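If you want the building blocks of each chain, they are given just below.
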Amino acid sequence: MNILVLGGAGYIGSHFVKKALEANNQIIVIDNLSTGHKKSLPQNIKFYQGDVRDEKFIDNVFKKEKIDACVHFCAFSLVGESMKDPLKYFDNNVIGAIRLVEAMAKHNIKKIVFSSTAAVYGSHDKMPITEDYSTEPTNPYGESKLFMEKIFKWSDLAYGIKYVSLRYFNVAGAASDGTIGEVHNPETHLIPIVLEVPLNKRDKLTIFGDDYKTKDGTCIRDYIHVEDLTEAHLLALDYLNKGNESNIFNLGSQTGYSNLEILNTAKKVTEKPIPVVIGDRRPGDPDMLIASNQKAKEVLRWEIKRDIKQIISTAWQFHQKHPNGYGEDEND
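Cut-off values and rules
- Residues numbered from 1 in each chain as written.
- Predicted model: local features only at pLDDT ≥ 70, side-chain atom pairs only at ≥ 80, totals over all residues.
- Heavy atoms only, no water.
- Helix = DSSP H or I, 4+ residues; strand = E, 2+ residues; numbered from the N terminus.
- Expected span 1.5 Å × (residues − 1).
- Buried < 20%, exposed > 50% of the residue type's maximum accessible area, 1.4 Å probe, protein only.
- Contact = heavy atoms within 4.5 Å.
- Polar contact = N/O pair within 3.5 Å; in protein donor to acceptor, adjacent residues only side chain to side chain.

*Asks:* Mind showing me how you'd approach helix 10 (residues 308-321) here?
*Replies:* Residues separated by three or four positions in an α-helix point in the same direction, a consequence of the helix having 3.6 residues per turn. Under the 1.5 Å per step criterion, the end-to-end length of helix 10 is 20 Å for 14 residues, consistent within 8% with the ideal 20 Å. The set of residues buried in helix 10 consists of Ile 308, Ile 311, Ile 312, Thr 314, Ala 315, Trp 316, Phe 318 and His 319. Elements in contact with the buried residues of helix 10: strand 7 (170-172), helix 6 (190-196), strand 9 (220-225), strand 11 (256-258) and helix 8 (259-270). Where helix 10 starts, the residue carrying a side-chain oxygen 3.2 Å from the main-chain nitrogen of Lys 309 turns out to be Asp 307.

Right, here's the structure in full:
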């Protein structure tokens, strides 16, 4: 299968590229490298550097390449930044989705798997969250992803483009062989930040808020290993290839861990002390997010294979091998 991967040099995108190549697919990657790392990709991969919002650029890729389906990863995804600069998120995420669908419709590409987010749900008291929960985002990032889902919904009706929207919960971990992992600059995700302390890249961990309505006062999130996540994308493509209708699935482990529980697991994995201080809450952070993954299990036949200890262990393996990420010039 010839798959166009948009945002394929990013954290999740690069892991999908690796997994899809192992499954004998042909891969074409688009990435503007604003947050992605070209060094996370195989050297012989078909790679186009450019922005999905650039109509001429996207059209040129579709003209040059034989494409059977798209997998869409390219989006800004920082909750805190989206609260400060919402228009940046709507411009990049929503306009990017519109330009992509225009190109797909023009070139008669009828299948797309889209990386959505648990942030579309907002804050709910009853857990786990199922796909039929109301969608009331508490931050512009989640709102932009919900807009994108609606773009795909109406494009299906208008142009016959079938989609699977995968609502991620917290993605973490690294490739089991230690070759690629999570690298952001600046780093904002909890698990790699925790691991920066035993790597001597920071002297302590700051946990944002200890007065949430949870068992220990810190936020609870549902963590999923990046390799489990990418396997779900291949299953979603298979689902679409079988002629099924568009659909939405949660991707999570159905198990919640608090920030303090993540800290304690990291201490056990690294066998090193990790000092911690409590900071102020981050705007837009809900108390708890835990997925129901029953629909993905039943419809996609998806399985969770890796637990929280494996998530942190693979991340620790990667960061020990790559303490400076992909290097000084990782975008080259």
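*Asks:* Would you mind showing me how to read unusual backbone geometry here?
*Replies:* For residues other than glycine, phi is negative in most cases, and the peptide bonds are mostly trans. With an omega dihedral of 0°, the bond running from Met 127 to Pro 128 counts as a cis peptide bond. Checked against the element boundaries, Pro 128 lands in the loop between strand 5 (111-117) and helix 5 (140-159). Phi is positive for Asn 24, which is not a glycine, with a value near 70°. Of note, Asn 24 is situated in the loop between helix 1 (11-22) and strand 2 (26-31). The phi angle at Asn 200 is positive, at roughly 65°, despite the residue not being glycine. Secondary-structure assignment places Asn 200 in the loop between helix 6 and strand 8 (205-208).

So yeah, pure geometry; function would need other evidence.
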